[in-house]
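Fold and contact review
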Amino acid sequence: MQKVNRLKPFFENVVFEREDNHMIVNFGPQHPSSHGQLRLILELDGEKVSKATPDIGYLHRGMEKMAENMIYNEFLPTTDRMDYIAASANNYGFALAVETLIGLEVPRRAKVIRMMILELNRISSHLFWLATHALDVGAMTIFLYAFREREYTLDLIEDYCGARLTHSSVRIGGVPLDLPQGWIAGLNKFINHLPLDIGDYEGLLDQNRIWKMRLEDVGVVTPEQAQSWGCSGPMLRGSGIAWDIRKEEPYELYNEVEFDVPVSTTCDSYGRYKLHMEEMRQSIRILKQLIPMYEQTSPEIIAHAPSYVSAPKEQIMTQNYSLMQHFVLVTQGMRPPVGEVYVATESPKGELGFYINSQGDPYPYRLKLRTPSFFHTAFLQELLVGEYLADVVAIIGNANIVFGEIDR
Amino acid sequence: MMRSYSDKQNVQKKPYFSDRYFVAPQIPKDVVESDEIFTNDLSVLKAKFEIKEAYIQRGQLVVYIDPKDNVAVLKTLRDELSYNFLSEHSAIDWLAKSGEFEIFYQLLSTSKRKRLRVKCFIKEKEVLKSVSSLYASANWAEREMYDMFGVIISGHPYMKRLLMPDDWFDHPLRKTYPLHGDEVAQWYEIDKIFGKEYRDIIGPEERDSARIDVNDTYRFAHLNHEVPFGAEPSQEKTFTDYQEEGGVFIVKKLKKEDAKIVKERY
């Protein structure tokens, strides 16, 4: 005979033979930490996750389908919408893939400007990550601080290209504009102050008991898991594998600047937090080296390749033949050579790869996007098992998933 | 008059003009012997499997294999040749040309700093073995490939559509799939939410996301002709000037009629 109380009622014909603490929780898509589209079907044993099934929603934008039905230049601003936190990284990844496809060498000044924008974008992406992650975990102050500094990076990017969210600040073959007057001074001011701000964040969080309890030993990613699940970026380096594409397969001028690749050996969320902070410092270091490099370059900002890239604007406005070529490139699009490339770049979230199969038409025959968040979300089904429900929030926030990248 | 011919096998966008005499250049394919590490990798593979073609393109080794060997080849590459990452895996649709899918596995070796692409061709209904037991990252990549192309995978732990609903008809990334969705797609949401009997009442789904209807008072407001939500559209001018009862301290009432509109700048 069972003991009867309010929580365990007694029914004449029903015998409760086992403690049934299993429950299925649909975590999201409305949960504020599910970042918009993620629905996690969690099977809970008490408060412990025994099975997790990530289910991605229906954004249904069909990026790859659009890419295969747009000329290359048309698709470039569309890539902004993938990882909208770091739009330039996507623009750049696509531009670099097309340049590799047609074998184009970009002028040195364009390379420097691209790297500046990319690193600024990395800082703004990491700041955004810190802010939203801290908010998920329950730290409001840090959110306000990090967003303030993120605004400054966006101001700089806006001064350069006029947009704050969807930058489209890179062109196939170079960059559209030179840096405006006084931009370098603004950048200098910003990067001289940012280390102090990062110090403030760390002062608030590093020894914060709540922050440490919520993050330490939570979401441990072993190197084997990271390799098998195709993790990249901070998720990979957070598991102790020093692999940064900028360092290992340098593109642009990353082999000319000095920077370190931070690695976390604790493999947990706290380690990844420290890693993001260090990466921002390294980005500042790169930016500091880029400023003198910019001044030594000659003013060309776009490659001279008439069959693929339009001439600079003043030439189009003054020379008839440039105008004709420009007209053909805009209306019909360029026709790259037949072949295929896979180009990977290190976006703030990890390895962003563009696979292009070209059949010589203005439209790519197949364009496959490899986005880091896609593989990180898939990984959740293994990462979350054995964690507690409250930690799920911290882990999702820590994984830095952006859904524009997943449901392409 | 003859009806103009349209290729139903490939309904994707095509250039409206092509120069008959234009021959697209090829990206050069280098011989594998030009790279030491790749030469070694290829010889290990050749000793065990049938390699149909191998070359280096833009610094990456491309290897064509028999689709039946895919798991064994990837196992060798992972365990013996230390290609520890499967960074991407998907298909290319050649159904119109040869009735085949081209499958590619994009691999990365962090110790050798090399990228390699394993490729194979399979027929439309042919079954491909899953490699998700070797590389967990193939788990979702294969689900996505099935969803988008209809490539059939065997041995996958949870083969379910990833991006599209479970009952979606057809596979959107095929070249035969129309850009604005097929016949079935336009009724999908109406059937699902209201039921088939409401097709006549509601009509097919509006697939032009940029379409604006002036007379649609549910979704759009016609400026200066505003009416309540869902009411009949009206041609009568509405005046929306607003002023607090009794006025606001300092703020003067703004009369739009009194405002002067500059016709020309400068």
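Residues numbered from 1 in each chain as written. Chains lettered and ligands numbered in written order. Predicted model: local features only at pLDDT ≥ 70, side-chain atom pairs only at ≥ 80, totals over all residues. Heavy atoms only, no water.

Points about the UniProt feature "domain: NADH-quinone oxidoreductase subunit D" (unreviewed entry) in chain A
Here the UniProt-annotated "domain: NADH-quinone oxidoreductase subunit D" (unreviewed entry) positions come out as residues 136–408 of chain A. Secondary structure across residues 136–408 of chain A comprises 51% helix and 8% strand; the distance between its end C-alpha atoms is 25 Å. (UniProt positions renumbered as here; feature names shortened; annotations may be inferred. Helix = DSSP H or I, 4+ residues; strand = E, 2+ residues; numbered from the N terminus.)

Let's talk about the layout of surface pockets
Any space left empty among the atoms is revealed by the rolling of a water-sized probe across them. Its volume calculated, the largest pocket comes out at about 1,300 Å³. In this structure, the largest pocket is lined by 39 residues; those nearest its centre are A:His60, A:Arg61, A:Gly62, B:Leu179 and B:Arg207. If you list the elements that add at least two residues to the lining of the largest pocket, you get α1 (63–67) and α2 (72–79) of chain A together with α4 (138–149) and α5 (183–193) of chain B. Class assignment for the residues of the lining of the largest pocket results in 18 nonpolar, seven polar and 14 charged. Roughly 830 Å³ of internal volume is contained in the second largest pocket. Going through the elements one at a time, α2, α12 (313–318) and α13 (320–331) of chain A are the ones with two or more residues in the lining of the second largest pocket. Split by residue class, the lining of the second largest pocket holds 19 nonpolar, seven polar and six charged. (1 Å grid on protein atoms, 1.4 Å probe; cavity = no way out; pocket = protein on both sides within 12 Å on 5 of 7 lines; lining within 4 Å. Points joined across faces, edges and corners; volume = space filled by probe spheres on them. Nonpolar A, V, L, I, M, F, W, Y, C, P; charged D, E, K, R; others polar.)

Brief notes about the packing of aromatic side chains
Throughout the structure, instances matching the rule amount to 21 aromatic pairs over all chains. When the ring of A:Tyr92 is compared with that of A:Tyr251, the centres are 5.6 Å apart and the planes differ by 35 degrees; the resulting orientation is tilted. Highlighted residues: A:Tyr92 in helix α3 (residues 87–102) and A:Tyr251 in the loop between α10 (245–248) and α11 (269–295), separated in sequence by 159 residues. Each member of the pair, A:Tyr92 as well as A:Tyr251, is classed as buried. Their ring planes at 90 degrees and their centres at 5.3 Å tell us that B:Tyr218 and B:Phe229 sit as a pair that is edge-to-face. Remark: B:Phe229 occurs in the segment after α6 (199–202) and B:Tyr218 occurs in the segment after α6; sequence separation between them is eleven residues. Accessibility expressed as a relative area gives 66% for B:Phe229, which makes it exposed. An aromatic cluster is built from A:Tyr92, A:Tyr251, A:Tyr254 and A:Phe259, whose rings are joined through pairwise contacts. (Phe/Tyr/Trp six-rings, centres within 6.5 Å; stacked < 30°, edge-to-face > 60°. Buried < 20%, exposed > 50% of the residue type's maximum accessible area, 1.4 Å probe, protein only.)

Observations regarding the interface of chain B and chain A
Facing 58 residues of chain B, the contacting portion of chain A comprises 58 residues. Taking both partners together, chain B and chain A bury about 4,800 Å²; carbon and sulfur atoms supply 56% of that area. At the surface where chain B touches chain A, the tally comes to eight salt bridges. Where chain B packs against chain A, one counts 28 residue pairs in polar contact (both at pLDDT 80 or more). For the side of chain B that touches chain A, the secondary-structure elements that each account for two or more residues are β1 (51–57), β2 (60–65), β3 (85–94), β4 (100–109), β5 (114–123) and α4 of chain B. (Contact = heavy atoms within 4.5 Å. Buried area = accessible area lost by both parts, 1.4 Å probe. Salt bridge = Lys/Arg side-chain N within 4 Å of Asp/Glu carboxyl O. Polar contact = N/O pair within 3.5 Å; in protein donor to acceptor, adjacent residues only side chain to side chain.)

Focus: the nonpolar core
Formed by 179 residues in total, the largest nonpolar core has its most connected members in A:Phe94, A:Met116 and B:Ile103. Looking at which element gives the most residues to this core, the answer is helix α4 (residues 108–137) of chain A, with 15 residues. Once residues within four sequence positions are removed from consideration, B:Ile103 is found in contact with B:His89, B:Ser90, B:Ala91, B:Val118, B:Lys119, B:Cys120, B:Ile122, B:Leu128, B:Met145 and B:Val151. (Core = buried A, V, L, I, M, F, W, Y, C linked by side-chain atoms within 4.5 Å.)

Description of the domain arrangement of chain A
Residues and elements named next belong to chain A. Here chain A is described as being made up of domain 1 (15–53) and domain 2 (61–403). Each partner contributes to the interface: domain 1 provides 17 residues, whereas domain 2 provides 16 residues. Summing the contributions of domain 1 and of domain 2, the shared interface buries around 1,400 Å²; its carbon and sulfur component is 73%. Among the residues of domain 1 in contact with domain 2, His35, Leu38 and Val49 are the three that bury the most area, contributing 36% of the side total. Run the count over domain 1 and domain 2 and you get zero salt bridges. Connecting domain 1 to domain 2 are three residue pairs in polar contact (both at pLDDT 80 or more). (Domains from an automatic or database assignment.)

Here we look at unusual backbone geometry
At A:Ser168, a residue that is not glycine, the phi angle is positive and equals roughly 45 degrees. A relative accessible area of 16% places A:Ser168 in the buried class. Positive phi, normally seen in glycine, also occurs at B:Arg113, with a value near 55 degrees. Mapped onto the elements of the fold, B:Arg113 is located in the loop between β4 and β5.

Notes on the sheet that holds β1(B)
All names here are of chain B. Ordered in space as β1-β2-β5-β4-β3, the five strands form an open sheet in which the pairing is mixed. The open sheet has two edge strands with one neighbour each: β1 and β3. Each strand axis lies, on average, 20 degrees off the axis of its neighbour in the sheet, ignoring direction. With nine bridges joining them, β3 and β4 adopt antiparallel strand pairing. Within the sheet, the bridge partner assigned to serine 90 lies in β4 and is phenylalanine 104. The strands touched by helix α2 (residues 70–79) are β2, β4 and β5; relative to β5, the strand with the most contacts, the crossing angle is about 175 degrees. (Pairing = 2+ DSSP bridges. Axes fitted to C-alpha atoms, helices over the stretch in contact; angles between N-to-C directions.)

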